[in-house]
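Descriptive structure summary
Here are the chains, one letter per residue:
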Amino acid sequence: MLAQLTPAQQFDAIAISVNGPKAWSLDLAFDVRFTDNAGDANYRLTLRNGVLVYIGRPADDTAAASIGLTKMRMLQLLGGDTESPGLDITGDASALRTLMGVLDAGDPDFNIVSPDDSSKPKRTPDQVRLTRMAVSTSRTIRHLYVVRA
Amino acid sequence: MKRPQPAHRLALQFGPASQHIVDANASVAKKYPFDDRKDFDDADRGFLGALEPGVVRAAGGRVVWDNDSYAFLSGDAPSTVNPSLWRQSTLVAKQGLYEVVEGIYQVRGMDLSNITFIEGDTGVIVTDPLICTETAAAALGLYRHHRGDRPVVAVIYTHSHVDHFGGVFGVATHAEVDAGTIQIIAPEGLVEHAVAGNVYVGTLMSRRASYMYGAALERGPQGAVGAGLGQTTSPGEIGLIVPTLEITTTGEKHTIDGIEIEFQMAPGTEAPIEMHFYFPDYRALCMAENATHTLHNRLTLRGAIVRDPHVWSGYLTEAIETFGDRTDVAFASHHWPTWRSHRVIELLSTQRDLYGYLHDQTLRLLNQGCTGAEIAELITLPPALESAWNTHGYYGSGSHNVKAIYQRYRGWFDGNPARLWPHPPAELSRRYVEAIGGMDRIVELAQVAHDDADFRWAATLLDHAVFTDEKHSGARELYADTLEQLAYGSENGTWRNFFFPVPRSCGRGPSVLPR
Ligand SMILES: [Zn+2]
């Protein structure tokens, strides 16, 4: 199952949790390399205008930080875990925390028959869990759910 | 300042803008950088000459294109047109033959779309021959008048929409294609999708399209001013010659009449079948319809399958990576080109971020429990995007695009049980009118809403009223005036066109309501 989880799907999962207004003044660039990936391909992630964009491209020195990690460690990172071992960061580590700081989780308990906005709390990144992401509708996220199940 | 209006184009059946709309439009004029004239410089650059008069007729004399009918578009916006839409229409209504670079020419303002001529060793490659035979032939004539009588050696369709292939018989014949003197080049699968889109649901599509593009609407400050993407559609003869060369793969290269072309497939973007391509000899990039000077549609109001809002951004990123650094000019099949590599990259990135932002933020808020209609009101663009003119919703809108993205992922049902099985519109309306206290009462409440400038609520009340009794003259009169106010305030050309054709009861306009 893990073999089916592409880097693009993982980056999509981050992109759709970026809180636009919180993020739109940021201009960040990362190089991300999956250390368990055949060929060890590098991806350039940029966050600008509140939009996370990724593309396969060789690493260069224009990124704020370069991150090497396994697919499994990426899943943990998606869950908000920037502290556990397995993250090989060179460059500005605070840039990654800045990115994590503008991610919102989904709300699995949202109101449907009443419009009460107070039941739609804003969550902090450390509350993000993969099980929550399973309520997402995106095809790419459903993969995450399958992987976990 | 209100411009003098040509008398024969005055749309007399429409009323004036209310004070609220006058004020709202005045505030738009202050909000955006109208002194930024770069788009005007680009739209005028390379002008070689116009068709004069700017009218194209069918064989029997029937007018299929009358660009001169938009001559009223100059100077400041009148109170009955959103100044931002007025600005866009002023740009889009420019008509003529333009040099993109030496060897590449476009005729713009002769249909909804642009036709592009790329000169090769012996003849000319035509890209996207407009909607109908008549306008395509007129455009080819204008090109030849300025550039000589070069034979057409190939036609490229960028994608499967009718405004990009329908006029092919204006530039080519079956005999020439059969004889191999003209190649027809298109992305693989174009014919199937062109047929599916235009035939299977063609009746609904053309009925709605007639509203959306306002082709039959009176033109003028109190009528149609343009559809944002192009001025309107041309009602001429439509045809299709099937491709002789199908493009299937990104990176594929072909040399046509000595001109090398490098292709990038972009399926599932603005059309199900679409491609971008690059001319290394000219350092020129054709972006089909995926990077234009408007927020485009995720779901066009004429009706279509919801476009994938996600891959569109991805293909723009790929285009930047593949072509950005070696592109001196990018052009598309709508609007004006963009020159210089850094400005091309800026345009493509801005469009990419715009579509990415709408997609990602819609999904984020959807996962927090908001419905499409709620998200449509919640999303505001980042200031850096909003300050770019090409992100404005002249053709698509943030509102209906967000609802489309929701629909794409979630469907029409928002999860609320009361909305699972309500009565159909006429049954619902009859009950609302009864509950509110009858026709006169609901019109009274609509008048209050209208006076408070809550035109959206007034329109909802009056929708119920006319669905209950379409002959109630007070309801119809107020309904027409309410929708006119929404039209006058709209930045979106297609919204403006949709709001217009509600006739009044008093003999002005057609005698039946649109159904
Ligand atoms: Zn088009």
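Our subject is the structure listed above.
Residues numbered from 1 in each chain as written. Chains lettered and ligands numbered in written order. Predicted model: local features only at pLDDT ≥ 70, side-chain atom pairs only at ≥ 80, totals over all residues. Heavy atoms only, no water.

Turning next to the overall build of chain A. Across its full length, chain A holds six helices and five strands. Reading chain A from its N end, one meets helices and strands in the order α-α-β-β-β-β-α-β-α-α-α. Residue burial in chain A is summarised as follows: out of 149 residues, 48% are buried. Taking contacts inside chain A between residues at least 6 apart in sequence as the whole, the part at least 24 apart equals 57%. (Helix = DSSP H or I, 4+ residues; strand = E, 2+ residues; numbered from the N terminus. Buried < 20%, exposed > 50% of the residue type's maximum accessible area, 1.4 Å probe, protein only. Contact = heavy atoms within 4.5 Å.)

On to the nonpolar core. Ranked by size, the top nonpolar core spans 44 residues in total, and within it B:Phe117, B:Val155, B:Tyr157 and B:Val171 carry the most contacts. The dominant element in this core, judged by the number of residues it contributes, is helix H4 (residues 133–147) of chain B, at six residues. Discounting residues that sit within four places of it in the chain, B:Val155 has contacts with B:Val126, B:Pro129, B:Val168, B:Val171, B:Ala172, B:Ile182, B:Gln183, B:Ile184 and B:Ile185. Formed by 33 residues, the second largest nonpolar core is a distinct cluster that contains A:Val51, B:Leu348, B:Leu354 and B:Tyr355. (Core = buried A, V, L, I, M, F, W, Y, C linked by side-chain atoms within 4.5 Å.)

This brings us to the interface of chain B and chain A. Listed as interface residues are 32 residues of chain B and, on the opposing side, 33 residues of chain A. Summed over both partners, the interface of chain B with chain A buries about 2600 Å², with 53% contributed by carbon and sulfur atoms. On the chain B side of the interface with chain A, the three residues burying the most area are B:Arg364, B:Asn367 and B:Gln368, jointly 26% of the side's total. Counting every contact that joins chain B to chain A gives two salt bridges. Across the pair A:Arg57 and B:Glu321 runs a salt bridge, and its minimum N-O distance is 2.5 Å. Taken together, the connections running from chain B to chain A amount to seven residue pairs in polar contact (both at pLDDT 80 or more). Sort the elements by how many residues they give to the side of chain B that touches chain A and helix H9 (residues 341–366) of chain B lands first, with 10 residues. Here the side of chain B that touches chain A is built from residues that sort into 11 nonpolar, 11 polar and 10 charged. (Buried area = accessible area lost by both parts, 1.4 Å probe. Salt bridge = Lys/Arg side-chain N within 4 Å of Asp/Glu carboxyl O. Polar contact = N/O pair within 3.5 Å; in protein donor to acceptor, adjacent residues only side chain to side chain. Nonpolar A, V, L, I, M, F, W, Y, C, P; charged D, E, K, R; others polar.)

Here we take up helix H3 (residues 83–92) of chain B. All names here are of chain B. Burial within H3 is extensive, with 10 of its 10 residues counted as buried. Summarising the contacts, the buried residues of H3 are in contact with helix H1 (19–31), helix H2 (38–44) and helix H17 (493–499). In this structure Asn 82 caps H3, since a side-chain oxygen of it lies 2.8 Å from the backbone nitrogen of Ser 84.

Before going further, it helps to spend a moment on the coordination of the zinc ion. Only B:Asp163 (OD), B:His164 (NE2), B:Glu289 (OE) and B:His334 (NE2) from the protein coordinate the zinc ion, and they sit 2.0 to 2.1 Å from it. Look at where the donors of the zinc ion fall in the sequence and you get D-H-x124-E-x44-H. (Donors = N, O, S within 2.8 Å, 3.2 Å for Na, K, Ca; no water.)

Our focus in this paragraph is the packing of helix H14 (residues 439–451) of chain B against helix H15 (residues 455–468) of chain B. Residues and elements named next belong to chain B. Close contact between H14 and H15 brings their axes to 8 Å; oriented N to C, the two are set at 160 degrees. Looking at the two axes, H14 sits roughly antiparallel to H15. Here H14 and H15 pass one another in a crossing that is left-handed. The residues of H15 that touch H14, namely those facing Met 439, Ile 442, Val 443, Leu 445, Ala 446, Ala 449 and His 450, are Phe 455, Trp 457, Ala 458, Leu 461, Leu 462, His 464, Ala 465 and Thr 468. Taken together, the residues of the contact of H14 with H15 sort by class into 12 nonpolar, three polar and no charged. (Axes fitted to C-alpha atoms, helices over the stretch in contact; angles between N-to-C directions. Parallel < 35°, antiparallel > 145°, perpendicular 65-115°, else oblique. Left-handed = near helix turned anticlockwise from the far one by under 90°.)

Any aromatic ring pair is given by two values, namely how distant the centres are and how the planes are angled relative to each other. Residues and elements named next belong to chain B. Throughout the structure, instances matching the rule amount to 20 aromatic pairs over all chains. Ring geometry for Phe 72 and Trp 86: centres 6.0 Å apart, planes at 50 degrees, overall tilted. Remark: Trp 86 occurs in helix H3 and Phe 72 occurs in the loop between strand S3 (63–66) and H3; sequence separation between them is 14 residues. Assigned by exposure class, Phe 72 and Trp 86 land together as buried. Seen from their ring centres, Tyr 278 and Phe 323 are 5.3 Å apart, and the 20 degrees between their planes marks the pair as stacked. (Phe/Tyr/Trp six-rings, centres within 6.5 Å; stacked < 30°, edge-to-face > 60°.)

Residue and element names in this part refer to chain B. Two elements in contact, H14 and helix H16 (residues 473–489), have axes separated by 10 Å at closest approach and are oriented at 25 degrees. In terms of axis orientation, H14 runs roughly parallel to H16. Remark: the crossing between H14 and H16 carries left-handed chirality. Here H14 contributes Met 439, Val 443, Ala 446, Gln 447 and His 450 to the contact with H16, which in turn contributes Gly 474, Ala 475, Leu 478, Asp 481, Thr 482 and Gln 485. Partitioning the contact of H14 with H16 into residue classes produces five nonpolar, five polar and one charged.

Right, let's talk about the sheet that holds strand S15 (residues 329–331) of chain B for a bit. Residues and elements named next belong to chain B. Spatial ordering of the open sheet is given by S11-S12-S13-S14-S15-S16, a layout of six strands whose pairing is mixed. The two strands at the open ends of the sheet, each matched to only one other strand, are strand S11 (253–256) and strand S16 (338–339). As paired strands, strand S14 (residues 284–286) and S15 are joined by three bridges and run parallel to one another. Opposite Leu 285, over in S15, you have Ala 330 as the bridge partner. Across the sheet, helix H8 (residues 311–323) is in contact with strand S12 (259–265), strand S13 (275–279) and S14; its angle to S12 comes to roughly 145 degrees. (Pairing = 2+ DSSP bridges.)

This part covers H16(B). When the terminal C-alpha atoms of H16(B) are compared, their 25 Å separation across 17 residues agrees well with the 24 Å that a helix rising 1.5 Å per residue should span. The buried fraction of H16(B) is high, at 13 of 17 residues. (Expected span 1.5 Å × (residues − 1).)

Remember, this is a structural readout, not a statement about activity or role.
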